[in-house]
Amino acid sequence: MTDETPVVHEVMSVDDVLALVGERRPAASHMVRVSDGELTFVMYDAFSVRGAYDDYGRGGWGFSIALGDDASVSRVFGQRLTLCGTRDAVRGALDATDRYARLRLGAEYLAEYEAAYGR
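Model, not experiment: these values are computed from the prediction.

**Student:** Is there a simple way to explain the environment of Val-90 in this structure?
**Tutor:** By secondary structure assignment, the location of Val-90 is in helix α2 (residues 87–105). Distance in space between the C-alpha atoms of Val-90 and Met-12 is 9.9 Å, their sequence separation being 78 residues.

Spelled out as structure tokens, the structure:
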């Protein structure tokens, strides 16, 4: 007998994940359903984010922030943006992505953005 905690996993379609991204409007915009397992969106008109479904046995969604020249990050502030198997895990990854973008952009840019779009 083992004392393992069961892995919680929710089946989430690309449309389900896009709806979670949509909760972050207007910061998240230009949301595109690329395929049944891939989506893209833009944070604060400045960072392109890719979401993809990866089936590593139990499946899950993962996100990466494009930095240019084919470089991207899928871990910010020590938090992994991948292997998100629940809606709460996806929300956590999106929150970390939002925090990362806000810190990188700075107060002056965000003030202009919020004046233009609200938040």
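**Student:** Explanation requested: the packing of aromatic side chains in the structure shown.
**Tutor:** Two aromatic rings are characterised by how far apart their centres lie and by the angle between their planes. Within this structure, the stated rule accounts for six aromatic pairs. Among the aromatic side chains, those forming a connected cluster through ring pairs are Tyr-44, Tyr-109, Tyr-113 and Tyr-117. The ring centre of Phe-77 lies 4.5 Å from the NZ or CZ of Arg-99, which sits over that ring.

**Student:** Even after reading the chapter, I still don't get the environment of Phe-77, so can you show me in this structure?
**Tutor:** Take Phe-77: it is sitting in the loop between β6 (75–76) and β7 (79–80). For the pair Phe-77 and Tyr-100, spaced 23 residues apart in sequence, the C-alpha separation works out to 7.9 Å. Not counting residues within four places of it along the chain, the set of residues in contact with Phe-77 comprises Arg-99, Tyr-100 and Leu-103.

**Student:** Which parts of the structure should I look at to understand the pattern of salt bridges?
**Tutor:** Close approach of charged atoms lets side chains of opposite charge pair. One pass over the full model with this rule turns up ten salt bridges. Between Glu-10 and Arg-87 there is a salt bridge whose closest N-O contact spans 2.6 Å. Separated by 77 residues along the polypeptide, Glu-10 in the segment before α1 (14–22) and Arg-87 in helix α2 bring together distant segments of the chain. For the salt bridge of Arg-91 with Glu-23, the shortest nitrogen-to-oxygen distance reads 3.4 Å. Highlighted residues: Arg-91 in helix α2 and Glu-23 in the loop between α1 and β1 (28–35), separated in sequence by 68 residues. Judged by its relative accessible area of 48%, Glu-23 is partly exposed.

**Student:** What is the right way to look at the environment of Arg-33 in this model?
**Tutor:** Inspection of the secondary structure assignment puts Arg-33 in strand β1. Put simply, Arg-33 and Val-17 are 16 residues apart on the chain and 9.9 Å apart in space, counted from C-alpha to C-alpha. If near-sequence neighbours (up to four positions away) are discounted, Arg-33 is found in contact with Val-14, Asp-15, Leu-18 and Glu-38. Here the side chain of Arg-33 touches Asp-15 through a polar contact of 3.1 Å, side chain to side chain. A distance of 2.7 Å separates a polar atom in the side chain of Arg-33 from a polar atom in the side chain of Asp-36.

**Student:** Just checking my understanding: could you explain the nonpolar core for this structure?
**Tutor:** Inside soluble globular proteins, nonpolar side chains tend to come together where they are buried. Counting residues in hydrophobic clusters, the biggest one holds 29 residues, and the most contacted among them are Phe-41, Met-43, Tyr-44, Trp-61, Phe-63 and Val-90. Secondary structure elements with two or more residues in this core: α1, β2 (38–43), β3 (47–54), β4 (60–68), α2 and α3 (107–117).

**Student:** Where do I start with the sheet that holds β3 in this structure?
**Tutor:** In a beta sheet, neighbouring strands pair by backbone hydrogen bonds and run either parallel or antiparallel. In space, the five strands of this open sheet follow the order β1-β2-β3-β4-β5, with antiparallel pairing throughout. The sheet is open, and its two edges are formed by β1 and β5 (71–73), each paired on a single side. Strand after strand, the sheet turns through a mean of 30° between neighbouring axes, direction not considered. Sheet contacts for α1: β1, β2 and β4; angle to β1, the most-contacted strand, approximately 175°. Of the strands in this sheet, β2, β3, β4 and β5 touch α2, which is tilted by about 15° from β4.

Conventions we followed
- Residues numbered from 1 in each chain as written.
- Predicted model: local features only at pLDDT ≥ 70, side-chain atom pairs only at ≥ 80, totals over all residues.
- Heavy atoms only, no water.
- Helix = DSSP H or I, 4+ residues; strand = E, 2+ residues; numbered from the N terminus.
- Phe/Tyr/Trp six-rings, centres within 6.5 Å; stacked < 30°, edge-to-face > 60°.
- Lys NZ or Arg CZ within 6 Å of the ring centre and 35° of its normal.
- Contact = heavy atoms within 4.5 Å.
- Salt bridge = Lys/Arg side-chain N within 4 Å of Asp/Glu carboxyl O.
- Buried < 20%, exposed > 50% of the residue type's maximum accessible area, 1.4 Å probe, protein only.
- Polar contact = N/O pair within 3.5 Å; in protein donor to acceptor, adjacent residues only side chain to side chain.
- Core = buried A, V, L, I, M, F, W, Y, C linked by side-chain atoms within 4.5 Å.
- Pairing = 2+ DSSP bridges.
- Axes fitted to C-alpha atoms, helices over the stretch in contact; angles between N-to-C directions.

By themselves, these observations are geometric and do not establish any function.
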